[in-house]
Amino acid sequence: DRLRRARRYDGSSASPRVVDKRLSARTSFVIGADSHRSVVRKALGLTFSEVGPSRFYAVFEFSSDHGLENEARVVFDGQTTSVLWPLGDGRFRWSFELPDTWEFVPASRSKRWQEVELGDDTFAYLDADKLLQLASERAPWFEAQAVDITWSVAARFEQRLAERFGRGQVWLAGDAAHLASPIGVGSMNAGLDEADVLARSIHRIQYAVSGPEVLENYGATALGEWRRRFALDGSLVAGPAASDWVRDRSHQLVSSLPASGSDLELLLEQLGLHWIAEAPRPTPQT
């Protein structure tokens with residue numbers, strides 16, 4: 001299917017879905033890496049439950065004369081977290097977590113004020129004044145003299161987790177299986193690792209090096225890691241080597257690290273943090 005943009009007679013935008021072409025194929029395995037709206041996950045009948053409160057962010061992509069070309073910066077401001085990502089060629093992305101009281105926090109995915117349409121969703125548009133306001137409040141060191149915004153949105157980011165990562169010959173990876181904070185891009189980074197493990201596992205099965213149990217192992221391992229990250233099967237604690245600064249922000253740090261699996265464990269260990277197992281908490285059924 002291909003999404004075609006249309007314009008209604010009243011001037012508002014619409015994005016009807018039009019079937020442009022259909023293809024048929026018979027495959028031995030299917031990997032569903034088809035976003036948070038995953039058709040593959042829905043076909044498996046798997047729940048995709050909220051496992052924590054939604055977070056709201058003001059996201060700006062822009063060009064600037066600012067000099068931090070090769071350095072990402074994460075900003076902890078009380079209970080909110082923000083990040084500046086350098087994109088190269090003088091382009092940057094600021095993502096500011098918003099408190100519930102901020103005037104542009106959208107109550108839903110429906111339009112509010114000026115709107116920006118991304119895929120099937122509509123978001124509030126934010127201008128350059130909002131970017132400079134938030135930057136001056138959160139990051140006074142950001143002293144850009146010129147800002148040319150490419151696009152900006154005020155958007156809700158949900159925390160969700162599938163009840164399992166697949167079964168039989170159909171498996172999930174990335175946002176099809178989990179949604180998390182955009183600060184450390186954890187869902188995407190983990191998704192790349194998950195797709196790699198799935199591809200290697202399927203290769204081993206097809207060449208009779210391993211049996212189908214490798215896919216079950218993948219599902220159990222991936223689900224276990226995300227249940228830890230969402231504090232469903234344990235919690236993150238600070239060891240004696242952790243500084244007071246780390247102890248006070250441990251709940252923000254884990255979602256800010258752009259890593260997964262053993263790489264995430266190593267980074268947490270360097271900070272003096274580690275997971276402790278607890279009795280599993282049931283996933284909310286929403």
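Our subject is the structure listed above.
It should be emphasised that the depicted structure is a prediction, and the values quoted were computed from it without experimental measurement. (Residues numbered from 1 in each chain as written. Predicted model: local features only at pLDDT ≥ 70, side-chain atom pairs only at ≥ 80, totals over all residues. Heavy atoms only, no water.)

Turning next to the environment of Val39. Its place among the elements puts Val39 in helix 1 (residues 39-44). Judged by its relative accessible area of 62%, Val39 is exposed. Taking the C-alpha atoms as reference, Val39 lies 8.6 Å from Ala176; in sequence the two are 137 residues apart. (Helix = DSSP H or I, 4+ residues; strand = E, 2+ residues; numbered from the N terminus. Buried < 20%, exposed > 50% of the residue type's maximum accessible area, 1.4 Å probe, protein only.)

The strand order across the open sheet formed by three strands is 5-14-13, and the pairing between neighbours is mixed. With partners counted over all chains shown, the strands left at the sheet margins are strand 5 (30-32) and strand 13 (166-167), one partner each. Across three bridges, the pairing between strand 5 and strand 14 (residues 170-172) is parallel. Paired with Ile31 across the two strands is Trp171, which belongs to strand 14. (Pairing = 2+ DSSP bridges.)

Before going further, it helps to spend a moment on the nonpolar core. Among the nonpolar cores identified, the biggest contains 28 residues, and Leu161, Phe165, Leu172, Leu215, Tyr218, Trp226 and Phe230 are the most heavily contacted of them. Those elements that place two or more of their residues in this core are helix 1, strand 6 (48-64), strand 12 (147-162), strand 14, helix 3 (186-206) and helix 4 (213-229). If one sorts the elements of this core by residue count, helix 4 sits on top with six residues. Tyr218 has contacts with Phe165, Trp171, Leu172, Ala173, Glu194, Val197 and Leu198, leaving out every residue within four places of it along the chain. The next biggest cluster of nonpolar side chains, apart from the first, holds 20 residues, and it includes Trp94, Phe96, Leu98 and Leu131. (Core = buried A, V, L, I, M, F, W, Y, C linked by side-chain atoms within 4.5 Å. Contact = heavy atoms within 4.5 Å.)

A few words on the packing of aromatic side chains. Under the counting rule described, the total for this entry stands at eleven aromatic pairs. Relative to Tyr218, the ring of Trp171 lies with its centre 6.2 Å away and its plane at 75 degrees, an arrangement referred to as edge-to-face. With Trp171 in strand 14 and Tyr218 in helix 4, this pair connects stretches of sequence that are 47 residues apart. A residue is classified by how much of its surface remains accessible, and Tyr218, at 6% relative accessible area, is buried. Ring plane angle 40 degrees and centroid distance 5.5 Å describe the contact between Trp226 and Phe230, whose orientation is recorded as tilted. The pair Trp226 / Phe230 is uniform in exposure class, with both members buried. Taken together, the ring pairs in this structure connect Phe60, Phe62, Phe92, Trp94, Phe96, Trp141 and Phe142 into an aromatic cluster. Sitting above the plane of the Phe48 ring, Arg41 keeps its charged end 3.8 Å from the centroid. When the ring centre of Trp226 is taken as origin, the NZ or CZ atom of Arg229, which lies over that ring, is 4.5 Å away. (Phe/Tyr/Trp six-rings, centres within 6.5 Å; stacked < 30°, edge-to-face > 60°. Lys NZ or Arg CZ within 6 Å of the ring centre and 35° of its normal.)

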